[in-house]
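Here's the letter readout for the chains.
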Amino acid sequence: MKIAIEGCAHGELERIYDTIEGIEKERNIKIDLLLCCGDFQSTRNVSDLQTMAVPRKYMDMCTFYKYYSGERVAPILTIFIGGNHEASNYLQELPYGGWVAPNIYYLGYAGVVNVNGIRIAGISGIYKGHDFLRGHHEFPPYTEKTCRSVYHVRQLEVFRLKQLSGKIDIFMSHDWPRGIQEYGNKAQLLRFKPHFAEDIGSGQLGSRPLEELLKVVQPTYWFAAHLHCKFAALVQHKRRNSRKSDASGSSDSEFEEEEKEEDNEARPAVTKFLALDKCLPKRRFLQVLDIPTTTAEKLTLEYDIEWLSILRTTNHLTSIKDSNYYLPGKKAGSIEERCDFTPTMEELSHIRSKFTNLEVPLNFCRTASTFDPVGQQNYKQTHADQPNAQLNPQCIEFCTRLGIDDPLCLAMLANGKQLPPTVSSEDSSAQDSTPSTLQAEPVLATSKRKLNLMLPAPTAPVSNVDNDVIELPVEADEEPAAILVQDDIKETCAEVAPVCVSPPNIKKLKRRNQSIYQTEDNGD
């Protein structure tokens, strides 16, 4: 399979696809797949532009809206991750990934998919230490602060990716892993980007969480962008500890395959790293490579069964609080809590029962109107407000099927916001610039919620209220008055019957030693 890798797209989809077409004619080849490493800028209209954290002079509509409206169709399957210049409100509709336009797929905050046997993983956003331990608390319209924090990488996505086992063929990120310059031509990099020297000297060039992921995941290829230059490196890893699922019922043939995998793991793994530039003339923003596949059939995008299981078993760790919280680990004292979520055979079997067909459904739905280049040609000189939050039917369907929560919905409920109406489209391929009729209320299935931190039961009743009392949403096994339940959502985004909504119940818990969990972030 011939795959084109693109650095920072910055909304220039027409130019990227034209470049690919030129390469195909020049080399007499057919490129099957395009991977974009962030700054995709999937802006559908002028309101989306207002959610981008860039100076006003850089708020260009570019060309994505043509693919969203159906005026143009992406000529090849395109998979991308988010960066730090995005229509964050649109991407937040799809935290676990989904179609942003026909034939253009977003991986979500983090995600893993399979394309004809090639396993592709990725993580969106950039690293900032002061937001890394927080939950996904943001929702539009954004403040000056949340407009930026919304695209900062969070610990939960890194934690989930560390649970993966088996081979990852391609890993995509916007940031570079920290220290990657030591595995390539650092002198040449500094000649091209001399201002990198200070960050390299202080150990600040690149992302610390991605450095950890590189050591744990050990993909065959790692592609990145963000720093607007082309840089290649070759990382040789130490042997990775085997993290196989519980295979107590494995057959002899499966056992022989595991032995072969162990023999392969005995050889040091090598990751080929490549960072690419942004899409501009005479810049090195595109690379084409040929990767063998297990099948020569028509290109098929599929969910990764292991990733689906990890999303399901770590759903209770989802946080929507604007404060630091801590994930389970091996050094948790006397607290007995699961910290290894690499799926067992039973957990994988449960996913197979829910997803008998792993192929990603073609259920793209428009949830906003499209930019009008004639009527809005002076958009840079006119004022526009940020849009309100919108729940996406794709995410509702996915969460219901897997039995997990939509963090955007949780964040809105926790802040006392009314859930927005959902939008459906009868035909995702129709060239209609406006979404179809609004439905009354969205339907959302939520699994049983658990607290992010396990607390001991109080030894005595609390009589007085103090500042250490924290308000938490009621758990799902109690009366979930504000949570809507879904019986069925069809892939065609057909009409759904709403259930009436009432304000969420709140219960109060006294957290012991609260000051321990409110330490200030050093901002590294």
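Details of the structure are given in the entry above.
To start, this report covers the structure provided alongside it. All values derive from a computational prediction rather than experimental measurement.

### Topic: the overall build of the protein chain
Helix and strand counts for the protein chain stand at 15 helices and 15 strands. Counting only contacts in the protein chain whose residues sit at least 6 apart along the sequence, the fraction spanning at least 24 positions is 81%. With an accessible surface of roughly 25000 Å², the protein chain has 48% of that area assigned to carbon and sulfur atoms.

### Description of the pattern of salt bridges
In the structure shown here, the tally under the stated rule is 20 salt bridges. Glu138 is paired through a salt bridge with Arg154; the nearest N and O atoms lie 2.6 Å apart. Placement of Glu138 in the loop between α5 (129-132) and α6 (146-149) and of Arg154 in the loop between α6 and α7 (155-162) is noted, with a sequence separation of 16 residues between them. With respect to burial, Glu138 and Arg154 carry one shared label: buried. Residues joined by salt bridges that share partners form a network here, namely Glu14, Lys66 and Arg72.

### Points about the packing of aromatic side chains
Taken as a whole and assessed by the stated rule, the structure comprises 21 aromatic pairs. Aromatic side chains Tyr65 and Phe371 sit 5.0 Å apart centroid to centroid with 80° between the ring planes, which places their arrangement in the edge-to-face category. Here the residue Tyr65 occupies a position in helix α3 (residues 64-69), and Phe371 occupies one in the loop between α13 (345-354) and α14 (393-402), the gap between them amounting to 306 residues. For Phe371, a relative accessible area of 8% corresponds to the buried category. Among the aromatic residues, those joined into a ring-pair cluster are Phe40, Phe64, Tyr68, Phe80, Tyr90, Tyr106 and Phe364. Here Arg44 stacks its cationic end above the ring of Tyr90, 3.9 Å away from the centre of that ring.

### Focus on helix α1 (residues 13-27)
Here α1 contains 15 residues, and its C-alpha end-to-end distance of 21 Å stays within 8% of the 21 Å for a straight helix at 1.5 Å per residue. When we look at burial in α1, the residues that qualify are Leu13, Glu14, Ile16, Tyr17, Ile20, Ile23 and Glu24. Buried residues belonging to α1 abut β1 (2-6), β2 (33-36), α3, β3 (77-80), β5 (104-106) and β12 (286-290). Where α1 ends, the next residue or the one after it, Asn28, has phi of about 55°, a positive value.

### Comments concerning the side chain of Arg44
Among the secondary structure elements, Arg44 is positioned in the loop between β2 and α2 (46-49). In this structure Arg44 comes out as buried when scored by relative accessible area, which is 2%. Here the side chain of Arg44 touches Asp48 through a polar contact of 2.7 Å, side chain to side chain.

### Things to note about the sheet that holds strand β4 (residues 98-101)
Sheet architecture is open: six strands sit in the order β4-β5-β3-β2-β1-β12, paired in mixed fashion. Of all the strands in the sheet, just β4 and β12 have a single pairing partner and so form its edges. For this sheet the average axis-to-axis angle between neighbouring strands, irrespective of direction, equals 25°. Where β4 meets β5, three bridges bridge the pair, whose relative direction is antiparallel. Across the sheet, residue Gly98 finds its bridge partner in β5, namely Tyr106. Packing of α1 onto the sheet brings it into contact with β1, β2, β3, β5 and β12, and relative to β12 it is tilted by some 45°.

### Some points on the nonpolar core
Membership of the largest hydrophobic core comes to 105 residues, with the highest contact counts inside it found for Ile79, Ile104, Ile120, Ile170 and Trp176. Non-local contacts of Ile170, meaning those with residues more than four positions away in its chain, are made with Ile3, Leu35, Ile118, Arg119, Ile120, Ala121, Tyr221, Phe223 and Ile291. With twelve residues, the next largest nonpolar core counts Leu391, Leu408, Cys409 and Ala411 among its residues.

### Notes on the packing of helix α12 (residues 305-313) against α13
Two numbers describe how α12 lies on α13: the axes approach to 9 Å, and their chain directions differ by 100°. In this view, α12 runs roughly perpendicular relative to α13, as classed from their interaxial angle. Note on element contacts: α13 touches α12 through Glu347, Leu348, His350, Ile351 and Arg352, opposite Ile305, Glu306, Leu308, Ser309, Arg312 and Thr313. In terms of residue class, the contact of α12 with α13 is built from four nonpolar, three polar and four charged.

### Description of unusual backbone geometry
A cis amide bond, omega 0°, links Pro140 with the succeeding residue Pro141. By secondary structure assignment, the location of Pro141 is in the loop between α5 and α6. Although it is not a glycine, Asn103 sits at a positive phi angle of roughly 70°. Relative to the helices and strands, Asn103 resides in the loop between β4 and β5.

### Notes on the packing of α7 against helix α10 (residues 208-217)
Axis angle and axis distance: for two packed helices, these are the angle between their axes and the distance between the axes, and together they describe the pair. Across the interface, α7 lies against α10 with an axial gap of 10 Å and an inter-helix angle of 10°. Taken together, the axis directions place α7 and α10 in an arrangement best described as roughly parallel. Each of Val158, Leu161 and Lys162 in α7 lies in contact with α10, whose residues at this interface are Pro209, Glu212, Leu213, Val216 and Val217. Classifying every residue of the contact of α7 with α10 gives six nonpolar, no polar and two charged.

### Quick word on the pairing of β3
Here β3 shows two buried faces, one formed by Leu77 and Ile79 and the other by Thr78 and Phe80. Pairing analysis gives four bridges linking β2 to β3, with the strands arranged parallel. If you follow Leu35 over to β3, its bridge partner there is Ile79. Note that β3 and β5 share three bridges and pair parallel. The partner of Thr78 across the bridge, within β5, is Ile104.

### Focus on the environment of Ser165
Looking at the secondary structure, you find Ser165 in the loop between α7 and β8 (170-173). For Ser165, a relative accessible area of 14% puts it in the buried group. Distance in space between the C-alpha atoms of Ser165 and Thr342 is 6.9 Å, their sequence separation being 177 residues. Here Glu306 takes part through its side chain, which lies 2.6 Å from a polar atom of the side chain of Ser165.

### Some points on the sheet that holds strand β13 (residues 301-303)
The seven strands are arranged β10-β11-β9-β8-β7-β6-β13 in an open sheet whose pairing can be described as mixed. Strands at the two margins of the open sheet, each flanked by one partner only, are β10 (231-236) and β13. Each adjacent strand pair in this sheet contributes to an overall mean axis angle of 25°, direction not counted. In this sheet, strand β11 (residues 270-275) lies alongside strand β9 (residues 221-224) in parallel orientation, the contact comprising four bridges. Note on β11: the bridge partner recorded for Phe223 is Leu274. Running over the sheet, α12 touches β6 (110-115), β7 (118-123) and β13 and is turned about 155° from β6.

Parameters at a glance
Residues numbered from 1 in each chain as written. Predicted model: local features only at pLDDT ≥ 70, side-chain atom pairs only at ≥ 80, totals over all residues. Heavy atoms only, no water. Helix = DSSP H or I, 4+ residues; strand = E, 2+ residues; numbered from the N terminus. Contact = heavy atoms within 4.5 Å. Areas by Shrake-Rupley, 256 points an atom, 1.4 Å probe, with all protein chains shown as cover. Salt bridge = Lys/Arg side-chain N within 4 Å of Asp/Glu carboxyl O. Buried < 20%, exposed > 50% of the residue type's maximum accessible area, 1.4 Å probe, protein only. Phe/Tyr/Trp six-rings, centres within 6.5 Å; stacked < 30°, edge-to-face > 60°. Lys NZ or Arg CZ within 6 Å of the ring centre and 35° of its normal. Expected span 1.5 Å × (residues − 1). Polar contact = N/O pair within 3.5 Å; in protein donor to acceptor, adjacent residues only side chain to side chain. Pairing = 2+ DSSP bridges. Axes fitted to C-alpha atoms, helices over the stretch in contact; angles between N-to-C directions. Core = buried A, V, L, I, M, F, W, Y, C linked by side-chain atoms within 4.5 Å. Parallel < 35°, antiparallel > 145°, perpendicular 65-115°, else oblique. Nonpolar A, V, L, I, M, F, W, Y, C, P; charged D, E, K, R; others polar.

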